[in-house]
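The lines below spell out each chain.
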Amino acid sequence: DDILDDDDYALSGTSHDQNQNDIAQLLLEEDIDEAKEHGFYAGYDINSIECSCWIGFPLAGMRTDLLYACGLDPARSIAIKLVFTDPPVYGACCPNVKQKHVFIRQTSKKDFSKLVISECQHFGLWWTLEQRLSEYLSGHWTELAAAQEKMMQKLQERNSVASAP
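Overview of the structure. (Residues numbered from 1 in each chain as written. Predicted model: local features only at pLDDT ≥ 70, side-chain atom pairs only at ≥ 80, totals over all residues. Heavy atoms only, no water.)

As a further point, take the pairing of strand β1 (residues 41-46). Bridging between β1 and strand β2 (residues 51-58) involves six bridges; their strand directions are antiparallel. Directly across from I46, in β2, lies its bridge partner C51. Hairpin connection, β1 to β2: the antiparallel pair is bridged by four residues. (Pairing = 2+ DSSP bridges. Helix = DSSP H or I, 4+ residues; strand = E, 2+ residues; numbered from the N terminus.)

Here you go:
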């Protein structure tokens, strides 16, 4: 009999925190896939220290005079990196520029699955935009976290139904 009953499952070493981390990982993957479906460049990297996610968009097609005025190269893309640490779980805390958890750069890369900050360049307004994004996230984190929690509950329910005997 390969099916675990509730008591066996409780003793199997799976913790609630690990389950929540798994659901957060699934949500990250779905968010990245959705961003790509909408034409954005997106990717992430998770290790024992941090969970980093990237999203970006090409600048081609925007007014070149405005891009140059902002110090941007129209042949490149904007790349936004959000970092989650302590714990290194997607959405675990509000990324903050003072903690070096918010980055906005430009890059010629299109594959964000392996993007690293050293492959990106500063541009004229990068610091201002990082500050503004950090302020926005701080001011809206409660509602963003609530929306994420709601999505995680839906994913949890979906996984429970999928794994039911």
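This part is about the sheet that holds β1. Strand order in the open sheet formed by four strands is β1-β2-β3-β4, with antiparallel pairing between adjacent strands. Of all the strands in the sheet, the pair left with one neighbour each is β1 and β4 (102-107). Looking at each pair of strands side by side, their axes are set apart by 20 degrees on average, direction ignored. (Axes fitted to C-alpha atoms, helices over the stretch in contact; angles between N-to-C directions.)

Let us now look at the packing of aromatic side chains. What the rule picks out here adds up to four aromatic pairs. On the basis of an interplanar angle of 75 degrees and a centroid distance of 6.3 Å, the ring pair of W54 and F112 is categorised as edge-to-face. In this pair, W54 is assigned in strand β2 and F112 in the loop between β4 and α4 (126-163), connecting sequence segments 58 residues apart. With 5.6 Å between their ring centres and 85 degrees between their planes, F84 and Y90 make a pair best called edge-to-face. Within the aromatic cluster, the residues linked to one another by ring pairs are Y41, W54 and F112. (Phe/Tyr/Trp six-rings, centres within 6.5 Å; stacked < 30°, edge-to-face > 60°.)

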